[in-house]
Amino acid sequence: MSRRDRIIDEVIDKFPNVGNRTLARLLVEQYPELYTIERARHSIRYRFGATGSRDRKKVNVCEHKKHCSLQLPPGINQVKKPLKLNQPGDWLVISDLHIPYHDEIAIETCIRYAVDKKIKNLYINGDCVDFYKFSDFVVDPRQSSPSNELELLRVFLKSLKKQFKGKIVYKIGNHEDRYERYLYQRASAVVGIEQFELDKVLGLGDLGITCVSSKQHSIVGNLCVFHGHELPKGMASPANPAKSLFTKTGCSGVVGHHHYLSHWCMTEGVRKVTHNTYSIGCLCKLVKDYSPVNNWNHGFGHARVNSKRRTEFRNYLIDRGQVECQF
Ligand SMILES: [Fe+2]
Ligand SMILES: [Fe+2]
């Protein structure tokens, strides 16, 4: 019996009272790599002998149990599928630039590293722009305006396009999220107009930059990439963000948002599978008006995906223009 048939039998046993359409949706949700909705529906009908008499002779037909008598519309699915980046190659992973509060020396240092190492792909892992005036906190009216920040961001993204000839991915962090929250609260009438959508405002499509939305993560090779605001609560300021990342996700991964480097390595007790998690440093000024004393540091990541879709990750500290590999 094939793996697909075995999975279908398991799902039928587990949910004996649901109809074929619901079973198909369950299969697609649980095994997106194996089933499309059409394929799942056809396979289920095949197992129940509903694809013709010739197929019925070939298969030991399953008996349909009595169906649920409740009339329920399908539940609303809020799952955002992760962006999978499986192609072998090198990625520079940067985070938390907070334009216009960015640190030019730190940014130049990590871009120089990428150029020296001939890294073609760039992953901007959230909080690239600060959107100061969209904050829910009391704001200083003399500080930078959103239009000014967007102008600086576009110039920066254009210059990145010249340096990175491969793929550029822009992740929406909690600071970019401020824009949508502002619209929802204060200008809800324009929500839904294409020109006001966040990726359009950031100008990503015009530059051929892929946008990863808020609360959607990516998988680079076998490494999950998050911005910290999308992980379960209780992650605000952990002593070791990398350890918290593993506790919350149970997989190898990288997180931005915390503004300081950390590493955690854990080998599962029974399966003896080892997981590594990392938090990367920021590329903004290390002192901000709301955080004059902190333990932030500058840094970036270098992810190398090999032909077996496995990822080797190095976490770098930038200290006074010098790059030091930490983990
Ligand atoms: Fe940040
Ligand atoms: Fe953040």
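Residues numbered from 1 in each chain as written. Chains lettered and ligands numbered in written order. Predicted model: local features only at pLDDT ≥ 70, side-chain atom pairs only at ≥ 80, totals over all residues.

## Regarding the domain arrangement of the chain
According to the domain assignment, the chain contains domain 1 (3-58) and domain 2 (83-325). Here the C-alpha centroids of domain 1 and domain 2 sit 40 Å apart. (Domains from an automatic or database assignment.)

## Digging into unusual backbone geometry
I99 connects to P100 through a cis peptide bond whose omega is 15°. Here P100 lies in the loop between β2 (89-94) and α5 (104-116). (Helix = DSSP H or I, 4+ residues; strand = E, 2+ residues; numbered from the N terminus.)

## Section: the sheet that holds β2
One open sheet accounts for seven strands, arranged β5-β4-β3-β2-β11-β12-β13; its pairing is mixed. Where the open sheet ends on each side, the last strands, each with one partner, are β5 (210-212) and β13 (322-325). Sheet twist, expressed as the average angle between the axes of neighbouring strands with direction ignored, equals 25°. Where β2 lies against strand β3 (residues 121-124), four bridges are found, and the strand directions are parallel. Residue L92 lies in a different strand from β3, and its bridge partner there is L122. (Pairing = 2+ DSSP bridges. Axes fitted to C-alpha atoms, helices over the stretch in contact; angles between N-to-C directions.)

## Some details on the sheet that holds strand β7 (residues 223-227)
Pairing within the open sheet is mixed, and its six strands lie in the order β1-β6-β7-β8-β10-β9. Each edge of the open sheet carries a strand with a single partner, namely β1 (83-85) and β9 (262-267). Each strand axis lies, on average, 20° off the axis of its neighbour in the sheet, ignoring direction. Relative to strand β6 (residues 218-220), β1 runs parallel, the two sharing three bridges. Bridge pairing links L83 to S218 in β6.

## Focus: the packing of helix α1 (residues 3-14) against helix α3 (residues 37-47)
Here α1 crosses α3 at 75°, and the two axes come no closer than 10 Å. As the angle between them shows, α1 and α3 are arranged roughly perpendicular. In this structure, α1 contributes R4, I8 and I12 to the contact, and α3 contributes S43, I44 and R47. Residues belonging to the contact of α1 with α3 are distributed by class as follows: three nonpolar, one polar and two charged. (Parallel < 35°, antiparallel > 145°, perpendicular 65-115°, else oblique. Contact = placed C-beta atoms within 7 Å. Nonpolar A, V, L, I, M, F, W, Y, C, P; charged D, E, K, R; others polar.)

## Brief notes about the environment of K272
Tracing the backbone shows K272 in the loop between β9 and β10 (274-279). On the neighbour-count criterion, K272 (7 C-beta atoms within 10 Å) is exposed. Put simply, K272 and L207 are 65 residues apart on the chain and 44 Å apart in space, counted from C-alpha to C-alpha. (Buried ≥ 20, exposed ≤ 12 C-beta atoms within 10 Å, placed from the backbone.)

## What to know about the nonpolar core
The biggest cluster of nonpolar side chains holds 57 residues, and the ones touching the most others in it are L92, V93 and C110. Among the elements that take part in this core, α5 stands out by supplying five residues, more than any other. Not counting residues up to four positions away in its chain, the partners in contact with V93 are Y123, N125, V254, I280, F300, G301 and A303. One finds I8, V11, L23 and Y35 within the second-largest nonpolar core, a separate group that totals eight residues. (Core = buried A, V, L, I, M, F, W, Y, C linked by C-beta atoms within 7 Å.)

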